[in-house]
Each structure stands twice: as structure tokens, then as C-alpha cells.
Amino acid sequence: QVQLVESGGGLVQAGDSLRLSCEVSGGTFSNYAMGWFRQAPGKQRQFVAGISRSGASTYYGEYVKGRFTISRDNARNTVYLQMNSLKLEDTAAYYCAADLRGLRVGEQLMRALEYDYWGRGAQVTVSS
């Protein structure tokens, strides 16, 4: 059984930075492609960032490109989302997800239905 646990969420001011972590247990983390998604109240789930199993390929949603960075540490079974220059509209619950087949790269990482396991989410609230 694969489990994902997000941490690092919180309340910050606009312009601040925050780093989310997602620790994965079960299976072989280095085989998994990973993604971050977010969902604000009353809105659809939105792709934020994805990373291939080696870490060589990353992909970002247009609204976070240049501000957010996804990375992974396969020795620690952890994927990170560094969020800089946070905006009010970044307020959402952030979820990490694991694709066990792990073959996707680039834009393919956006496809939410191809992720097999999801965490419970970490709340990020950005205030003015």
C-alpha cells in the first residue's frame, strides 16, 4: 500500500515563500512520477507541477511557472514544492499524487486521472 503525507502548509502573507513536502511510503519511490495539484473551495482541481521519476523532467501550470519549483529526493522518498512570491489566488488545499507506472514526462504529467495514489492535502492560505 502506497501512502502519501503532505506537510508544510500554513498561513502566509502575499509575497512570502513556503515549501511543501510529500513523503511517500510503500513501493519504490524512485519508480514513481509525482505531481502536485491544488483545489480551492468551489473550484475545480488544478494541476500545479509534475516531475518524472528521475527528476530530469518537470512541468508546471502556467499560473505558477517561474514562482514554484518541484523537486524530489529519492533517498528520502520525498517530493517538494517550493512556492515563492505567493499570491492570494494561490490559496488552496495542495495535494501530492503518485503515478506508479512512472513513465510520463513533460506535459503528460498534467493528467490527473493517471495518478494512482493521492495524499490528504495540505492547506495553504495567503493573506494580504
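These notes cover the structure that comes with them. Computed from a prediction, not measured in an experiment: that's the story for all the values here.

1. Topic: the overall build of the chain
Link 1 in the chain: In terms of regular secondary structure, the chain is built from zero helices and 11 strands.
Link 2 in the chain: Counting from the amino terminus, helix and strand elements in the chain follow one another as β-β-β-β-β-β-β-β-β-β-β.
Link 3 in the chain: For a compact globule of 128 residues, the expected C-alpha radius of gyration is about 14 Å, and the chain comes in at 13 Å, within 12% of that figure.
Link 4 in the chain: Expressed along its principal axes, the backbone C-alpha trace of the chain runs to roughly 40 × 25 × 25 Å.
Link 5 in the chain: A burial count over the chain gives 44% of its 128 residues as buried.
Link 6 in the chain: In the chain, the share of contacts with a sequence separation of at least 24, taken over all contacts with a separation of at least 6, comes to 59%.
Link 7 in the chain: When the accessible surface of the chain is split by element, carbon and sulfur atoms take 45% of a total near 6,600 Å².

2. Some details on the environment of Val12
Link 1 in the chain: Among the secondary structure elements, Val12 is positioned in strand β2 (residues 10–13).
Link 2 in the chain: Each residue touching Val12, except ones within four places of it in the same chain, is listed here: Ser17, Leu18, Leu86, Thr125, Val126 and Ser127.

3. Notes on the pattern of salt bridges
Link 1 in the chain: Within this structure, the stated rule accounts for nine salt bridges.
Link 2 in the chain: Here Lys65 makes a salt bridge to Glu62, at a shortest N to O gap of 2.7 Å.
Link 3 in the chain: Among the residues examined, Lys65 registers a relative accessible area of 43% and is labelled partly exposed.
Link 4 in the chain: For Arg101, the salt bridge identified is with Asp116, shortest N-O distance 3.3 Å. Pair noted here: Arg101 is in the loop between β9 (92–99) and β10 (117–118) and Asp116 is in the loop between β9 and β10, with a separation of 15 residues, a long-range link.

4. Remarks on the packing of aromatic side chains
Link 1 in the chain: Tallied over the entire structure, the rule returns five aromatic pairs.
Link 2 in the chain: Each ring, one from Phe37 and one from Phe47, has its centre 5.5 Å from the other, and the planes form 75°; the classification is edge-to-face. In this pair, Phe37 sits in strand β4 (residues 33–39) while Phe47 sits in strand β5 (residues 46–51), placing the two residues 10 residues apart along the sequence.
Link 3 in the chain: Owing to a relative accessible area of 1%, Phe37 belongs among the buried residues under this scheme.
Link 4 in the chain: On the basis of relative accessible area, Phe47 is assigned to the buried category, the value being 5%.
Link 5 in the chain: Note on Phe37 and Tyr115: the rings are 5.4 Å apart at their centroids and 80° apart in plane angle, and the pair reads as edge-to-face. Here Phe37 is found in strand β4, whereas its partner Tyr115 is found in the loop between β9 and β10, with 78 residues between them in sequence. This pair shows no difference in class: Phe37 is buried, exactly as Tyr115 is.
Link 6 in the chain: Through a chain of ring-to-ring contacts, the aromatic side chains of Phe37, Phe47, Tyr59, Tyr115 and Trp118 assemble into a single cluster.
Link 7 in the chain: Here the guanidinium or amino end of Lys65 rests over the ring plane of Tyr59, the centre of that ring lying 5.9 Å away.
Link 8 in the chain: Note that Arg104 overlies the ring of Tyr115, its terminal NZ or CZ placed 4.3 Å from the centroid.

5. Things to note about the side chain of Arg38
Link 1 in the chain: When you line up the elements, Arg38 lands in strand β4.
Link 2 in the chain: Residue classification places Arg38 among the buried residues on the basis of a relative accessible area of 5%.
Link 3 in the chain: Polar contacts involving the side chain of Arg38 include one to the side chain of Asp90, which spans 2.9 Å.
Link 4 in the chain: Within the structure, Arg38 has its side chain in polar contact with the side chain of Tyr94 (distance 3.0 Å).

Reading the values: rules and limits
Residues numbered from 1 in each chain as written. Predicted model: local features only at pLDDT ≥ 70, side-chain atom pairs only at ≥ 80, totals over all residues. Heavy atoms only, no water. Helix = DSSP H or I, 4+ residues; strand = E, 2+ residues; numbered from the N terminus. Rg over C-alpha atoms; globule rule 2.2 N^0.38 Å. Buried < 20%, exposed > 50% of the residue type's maximum accessible area, 1.4 Å probe, protein only. Contact = heavy atoms within 4.5 Å. Areas by Shrake-Rupley, 256 points an atom, 1.4 Å probe, with all protein chains shown as cover. Salt bridge = Lys/Arg side-chain N within 4 Å of Asp/Glu carboxyl O. Phe/Tyr/Trp six-rings, centres within 6.5 Å; stacked < 30°, edge-to-face > 60°. Lys NZ or Arg CZ within 6 Å of the ring centre and 35° of its normal. Polar contact = N/O pair within 3.5 Å; in protein donor to acceptor, adjacent residues only side chain to side chain.

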